[in-house]
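# An overview of the molecular structure
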Amino acid sequence: NINAPEVKDFTEEFGEVAIILVKALIIMRRYYMVVWSIANLIVIIGFVSFILSLQLNNFIIYGIVGLYSLLINFPRFSIVEDCYYKIAD
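Just so it is clear, the structure is predicted and the values come from calculations on it, not from any experiment.

## Focus on the confidence of the model for the chain
When pLDDT is averaged along the chain, the result is 76, and 73% of the positions lie at 70 or above. Mean pLDDT across the elements of the chain ranges from a minimum in helix α1 (residues 5-14), with 67, to a maximum in helix α3 (residues 56-72), with 83.

Here it is as structure tokens:
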């Protein structure tokens, strides 16, 4: 929704060029939320597996995979800027 108050201020200040950047931010935020939810789900599955089977190795593996997924998918504004410059060209 480009009419949100914080987005509307940004587009009014920077003009028409900012709309592409805002759309990229909205789309990337949506995908980051999905990826982060899946990473958290991996850790929860590992915890439930640990509770049911009492095997700490499985929980550690699930935890490492979940944390790795969170780290490599950490939202960086430089990615959004790269997308913007590719779209603008």
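## Describing α3
Here α3 is 17 residues long and its end C-alpha atoms lie 24 Å apart, about the 24 Å a rise of 1.5 Å per residue gives. By the burial criterion, the buried members of α3 are Gly63, Gly66, Ser69 and Leu70. The buried residues of α3 occupy one face: seen down the axis, they fall within an arc of 130°. Within α3, the exposed residues directed more than 90 degrees away from the buried face are Asn57, Ile61, Ile64, Tyr68 and Leu71.

How each quantity is defined
Residues numbered from 1 in each chain as written. Predicted model: local features only at pLDDT ≥ 70, side-chain atom pairs only at ≥ 80, totals over all residues. Heavy atoms only, no water. pLDDT = per-residue confidence, 0-100. Helix = DSSP H or I, 4+ residues; strand = E, 2+ residues; numbered from the N terminus. Expected span 1.5 Å × (residues − 1). Buried < 20%, exposed > 50% of the residue type's maximum accessible area, 1.4 Å probe, protein only. Arc of directions from axis to C-beta.

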